[in-house]
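Below, each chain spelled out in residue letters.
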Amino acid sequence: MTVFGTRPEGIKMAPIIKELENRDEIQNIVCITAQHRQMLDQVLDIFNIVPDYDLDIFKEGQSLISISRKVLAGLEEIITKESPDVLLVQGDTTTVFVAALAAFYKKVKIGHIEAGLRSGNIYSPYPEEANRKLTGVLAEYHFAPTENNRNNLIRENYPKEKIYVTGNTVIDALDYVIKKDYKFCNPLLNRLDYKNKKVILLTCHRRENIGEPMKNIFTAIKDIANENEDVEIVFPIHLNPHVRSIAYKIFNDHEKVHLIEPLEYEEFTNLMSKVYLVVTDSGGLQEEAPALGKPVLVVREETERPEGINAGTARLVGTDYKELYENLKILLSSKQEYENMAKTINPYGDGKSSKRIVDIIINSNK
Ligand code: UD1
Ligand code: UDP
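Numbers given to residues run from 1 along each chain, matching the order in which its sequence is written. For this description, chains carry letters from A and ligands carry numbers from 1, given in the order in which they are written. The predicted nature of this model means local features are confined to residues of pLDDT at least 70 and side-chain atom pairs, given and counted, to a pLDDT of 80 or more, with totals for whole chains, interfaces and linings taken over all residues. Only hydrogens and water are set aside; all other atoms, that is, all heavy atoms of the structure, feed into the side-chain values.

Points about the packing of aromatic side chains
For step 1, the next point in the chain: Pairing of aromatic rings covers Phe, Tyr and the six-membered ring of Trp, with a centre-to-centre limit of 6.5 Å; geometry is then stacked below 30 degrees between planes, edge-to-face above 60, and tilted otherwise. Evaluated as defined, the whole model comprises 14 aromatic pairs.
For step 2, the next point in the chain: Ring geometry for Y276 against Y338: centres 4.0 Å apart, planes inclined by 10°, an arrangement best described as stacked. Within this pair, whereas Y276 is found in the loop between α11 (265-272) and β11 (277-280), its partner Y338 is found in helix α15 (residues 335-341), the two being separated by 62 residues in sequence. As far as burial versus exposure is concerned, Y276 and Y338 are alike and both buried.
For step 3, the next point in the chain: Through pairs of rings, three or more aromatic residues link up here, namely F47, Y176 and Y265. What counts as a helix is a DSSP run of H or I of at least four residues, what counts as a strand is a run of E of at least two, and both are numbered from the N terminus. Relative accessible area decides the class of each residue, using a 1.4 Å probe on protein chains only: under 20% of the type maximum gives buried, over 50% gives exposed, and in between gives partly exposed.

Quick notes on the sheet that holds strand β10 (residues 257-260)
For step 1, the next point in the chain: A pair of strands is treated as paired once DSSP finds two or more bridges between them. Pairing within the open sheet is parallel, and its six strands lie in the order β10-β9-β8-β11-β12-β13. A strand with exactly one partner marks an edge of an open sheet, and here the two such strands are β10 and β13 (314-316). With direction set aside, neighbouring strand axes in the sheet form an average angle of 20°.
For step 2, the next point in the chain: Sheet topology places β11 next to strand β12 (residues 296-298); three bridges connect them, and they run parallel. Paired with T280 across the strands is V298, a residue of β12. Axis definition: a line fitted to C-alpha atoms, limited for helices to the stretch in contact. Angles are taken between N-to-C directions and run from 0 to 180 degrees.

Some remarks on the site of ligand 1
For step 1, the next point in the chain: Around ligand 1, a shell composed of 25 residues is seen, among which Q35, H36, G61, T94 and E128 lie nearest.
For step 2, the next point in the chain: Residues adjacent in sequence count toward polar contacts only when both atoms are side-chain atoms; beyond that, a polar contact is any pair of N or O atoms within 3.5 Å, and within protein one must be able to donate a hydrogen and the other to accept it. In the environment of ligand 1, a nitrogen atom lies 2.9 Å from a nitrogen or oxygen atom belonging to the side chain of Q38.
For step 3, the next point in the chain: For ligand 1, an oxygen atom lies 3.1 Å from a polar atom in the side chain of R206.
For step 4, the next point in the chain: Compared with its free state, where it exposes 740 Å², ligand 1 has 96% of that area covered by protein.
For step 5, the next point in the chain: At the level of elements, α2 (38-47) and α3 (64-82) are the ones that each hand at least two residues to the shell around ligand 1.
For step 6, the next point in the chain: Note that Gly is not counted as nonpolar here; it falls among the polar residues with everything else outside the nonpolar set of Ala, Val, Leu, Ile, Met, Phe, Trp, Tyr, Cys and Pro and the charged set of Asp, Glu, Lys and Arg. Class assignment of the residues belonging to the shell around ligand 1 gives a composition of eight nonpolar, 11 polar and six charged. A single heavy atom is enough: if one lies within 4 Å of a molecule or strand, its residue is considered near that molecule or strand. Exposure was quantified through the Shrake-Rupley algorithm and a 1.4 Å probe, taking into account, for residues, occlusion by the shown protein chains and nothing else.

Set out below in structure tokens:
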């Protein structure tokens, strides 16, 4: 059984679901919690996934406790009825941890995809760092994207034989959607002059950034847009109303800052492949941008994804105004600095992670 609930889990679980569907030995039951609604439905459409179960728990302004309560209650009946051999979760959201807890209570083996990421601070990202650690405690299979993730688990005394380095399925997902001569459905994205302008793609949604940090980030971006004639910003805003209200207040109909609705995954990744650089606090974008050769400034205090930083395509700039503003200025003015960062690297996977994960599950359940 595969269980997921949010946009990024859907994207990274999709290639696994496709792979499971291809194997005669497997019957896969797809269950979504719908912690996200519209943002998850977009992903289901792109990948043609029709869930067997939909807990439909989404509620505007939902709290962590209400998400947890509904996922736990909803899964009890389904896990009891279906009695799966293995339950797979992906990542670090509240859906992930609570689905793992439900499976553990029902003594179902848990496979944790994207295991072993650690920032070292349980309040950043919040609550994701705690969610992935708690899920790890319950899991039978730890599918670690990188050696570094594996080492984190070994440091926490997880048995080596239960850790598998598989790469990240985000790279498998990218292979489905990136197209050379992609034509956007969104007219603005077709209109933008990616050759003569420097288009910056911004996303920002983390709970710990809501408030002052987000105000700093957006103000630095606005100042950069004001001071550089050739810069345009595209910001597909997360549906979180707190994020939206800060964004609308600070950007306030700015003619060079395009605030748009969340994009479908195919539109979004093809946009990322065309822009000049990326500013983000997202986890997934830190993996996708290096794979697409785009410099990425990470607006967070910590990251669990040091691989992109070590490879030189990502920089952790924190959430103060100054560091972000200055890094943007450098990357907009110095060709050399830009070229040093704009290289295509793939520390997160080779596009075959889903196949590896499914092989491991089949071989260990023979
Ligand atoms: C969740 C995950 C986070 C992940 C993010 C991906 C948790 C605690 N957080 O955060 O790890 O990075 O998803 O985007 O699990 N909303 C909608 N429609 C949607 C989705 C969200 O309107 O389809 C709005 C709602 O007002 C909701 C708010 O966004 O209350 C926040 O959603 P929630 O799932 O609680 O947290 P995210 O910030 O999306
Ligand atoms: N994404 C998308 N449309 C958007 C913004 C992001 O499809 O408008 C995709 C992006 O390509 C990545 C994932 O959503 O795969 C990242 O999700 P998000 O930033 O919401 O969550 P995180 O990765 O931080 O958990």
